[in-house]
Amino acid sequence: MGTDDWLGDVRTSYDTIAVSYADQVRDLLTEQPYLRTALALFAGNVRAAGGGPVADVGCGPGYVTAHLHGLGVDAFGVDLSPGMIDVARRDHPGLRFEVGSMTDLALPDASVAGLIAWWSLVHIPDDEVPAVFGHFHRVLRPGGPLQLGFHVGDGSPSETEHLRRPEQVAAWLREAGFGIEAQFLLHPDEKPGAVLFARRES
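Predicted model, so just to flag it, every value in this text is computed and none were measured.

Engineer: Sorry, what's going on with the packing of helix α3 (residues 33-48) against helix α4 (residues 63-70) here?
Structural biologist: Helix-helix packing is characterised by the crossing angle of the two axes and by the distance between the axes. Closest axis-to-axis distance for the α3/α4 pair is 10 Å, and the angle between their directions is 55°. In this view, α3 runs oblique relative to α4, as classed from their interaxial angle. The handedness of the crossing between α3 and α4 comes out as right-handed. From α3, Arg36, Leu39 and Phe42 reach across to α4, where they touch Val64, His67 and Leu68. The residue inventory of the contact of α3 with α4, partitioned by class, reads 4 nonpolar, 1 polar and 1 charged.

Engineer: When you look at the packing of aromatic side chains in this model, what are you seeing that I'm missing?
Structural biologist: Any pair of aromatic rings gets described here by the distance separating the centres and the angle formed by the planes. Per the counting criterion, the structure on display carries 3 aromatic pairs. Both rings, one in phenylalanine 133 and one in phenylalanine 136, keep their centres 5.9 Å apart while their planes meet at 35°; by these two values the pair is tilted. With a gap of 3 residues between them, phenylalanine 133 and phenylalanine 136 both fall in helix α6 (residues 129-139), about one helical turn apart. This pair shows no difference in class: phenylalanine 133 is buried, exactly as phenylalanine 136 is. Aromatic pair phenylalanine 184 and phenylalanine 197: ring centres 6.3 Å apart, planes at 45°, arrangement tilted.

Engineer: Teacher, can you tell me more about the sheet that holds strand β2 (residues 74-79) here?
Structural biologist: Note: strands within a sheet are paired through backbone hydrogen bonds, in either parallel or antiparallel orientation. Pairing is mixed in the open sheet, where 7 strands are placed in the order β3-β2-β1-β4-β5-β7-β6. If you trace the sheet from one side to the other, it starts and ends with β3 (97-99) and β6 (178-186), each paired once. Averaged over all pairs of adjacent strands, the angle between strand axes in this sheet comes to 20°, irrespective of strand direction. Pairing between β2 and β3: 3 bridges, direction parallel. Bridge assignment links glycine 77 to a residue of β3, and that residue is phenylalanine 97. Against the sheet, helix α7 (residues 166-176) engages β5 (145-151), β6 and β7 (193-200), with an angle of about 165° to β6.

Engineer: What is the right way to read the side chain of aspartate 56 from this model?
Structural biologist: Along the chain, aspartate 56 turns up in strand β1 (residues 53-57). A polar contact of 2.6 Å, which involves the side chain of aspartate 56, links it to the side chain of threonine 65. Those residues in contact with aspartate 56 that lie beyond four places of it in its chain are Val64, Thr65, Phe76, Gly77, Val78 and Ile116.

Engineer: Can you walk me through the pattern of salt bridges in this structure?
Structural biologist: Any two side chains of opposite charge can pair, on the condition that their charged atoms come close. A full pass over the atoms with the stated rule returns 7 salt bridges. Arginine 138 is the salt-bridge partner of aspartate 109, the closest N and O atoms lying 2.9 Å from each other. Residue aspartate 109 is located in the loop between β3 and β4 (114-118), and its partner arginine 138 is located in helix α6; the two are separated by 29 residues in the primary sequence. Using a relative accessible area of 25% as the deciding quantity, one classes arginine 138 as partly exposed. A salt bridge links arginine 199 to glutamate 181; the shortest N-O distance between them is 2.7 Å. With arginine 199 in strand β7 and glutamate 181 in strand β6, this residue pair connects regions lying 18 residues apart in the sequence. Residues participating in the shared-partner salt-bridge network are Arg26, Arg90 and Asp91.

Engineer: It is not clear to me how the pairing of β1 should be interpreted in this structure. Could you clarify?
Structural biologist: Across a regular strand the side chains alternate sides, sitting on one face of the sheet and then on the other. When you tally the buried positions in β1, you get 4 out of 5 residues, the bulk of the element. For β1 and β2, the ladder comprises 5 bridges, and the chain directions are parallel. What sits directly across from valine 57, in β2, is valine 78. A crossover connection joins β1 to the parallel β2 through α4; in handedness this β-α-β unit is right-handed. Across 3 bridges, β1 lies against β4 in parallel orientation.

What counts and how
Residues numbered from 1 in each chain as written. Predicted model: local features only at pLDDT ≥ 70, side-chain atom pairs only at ≥ 80, totals over all residues. Heavy atoms only, no water. Axes fitted to C-alpha atoms, helices over the stretch in contact; angles between N-to-C directions. Helix = DSSP H or I, 4+ residues; strand = E, 2+ residues; numbered from the N terminus. Parallel < 35°, antiparallel > 145°, perpendicular 65-115°, else oblique. Left-handed = near helix turned anticlockwise from the far one by under 90°. Contact = heavy atoms within 4.5 Å. Nonpolar A, V, L, I, M, F, W, Y, C, P; charged D, E, K, R; others polar. Phe/Tyr/Trp six-rings, centres within 6.5 Å; stacked < 30°, edge-to-face > 60°. Buried < 20%, exposed > 50% of the residue type's maximum accessible area, 1.4 Å probe, protein only. Pairing = 2+ DSSP bridges. Polar contact = N/O pair within 3.5 Å; in protein donor to acceptor, adjacent residues only side chain to side chain. Salt bridge = Lys/Arg side-chain N within 4 Å of Asp/Glu carboxyl O. Right-handed = clockwise from strand over helix to strand, strands pointing away.

Set out below in structure tokens:
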């Protein structure tokens with residue numbers, strides 16, 4: 001399957017569920033103190049690096065973008081699905097959201113002070129991940145923080161979902177020019193996820 005094919009499938013599936021998905025995740029951060037802590041740490045890292053615009057890549061309905069904005073971060077959202085962007089603009093009318101793909105991130109070089117991608121790598125095939133991380137490195141300012149949240153496991157439970165081990169994600173990031181600062185594992189006994197903190201080194 002070519003890139004256009006699987007991207008088209010992912011876009012269509014999220015366009016279809018955009019409204020119901022937004023309802024599903026609306027209170028997620030209220031119920032997840034560890035995720036709120038991760039976002040607070042990220043916001044602090046952005047401020048410590050001098051502040052500036054922050055890209056939430058794969059933002060979905062915009063709940064993380066809005067939370068970061070509430071923490072004083074100049075966050076904007078990018079998502080592959082026009083349906084998701086419509087819902088994000090509806091629910092968070094004062095914030096910036098745009099349609100775009102992390103496989104061809106249409107942001108200028110060194111234009112963002114920080115970048116976050118929460119559970120949006122799940123649909124990216126392994127052979128595309130290094131190029132995606134290359135885009136993340138390109139658009140981040142030197143020293144800018146990166147935070148990734150992703151599903152942990154081995155293999156692909158479906159054609160469009162991919163689970164990864166933190167050590168593999170960290171290796172890809174190092175190859176792309178990032179330094180790894182911290183990581184933690186969520187729900188290790190049931191549907192584990194990981195949050196990884198990194199920084200563009202040069």
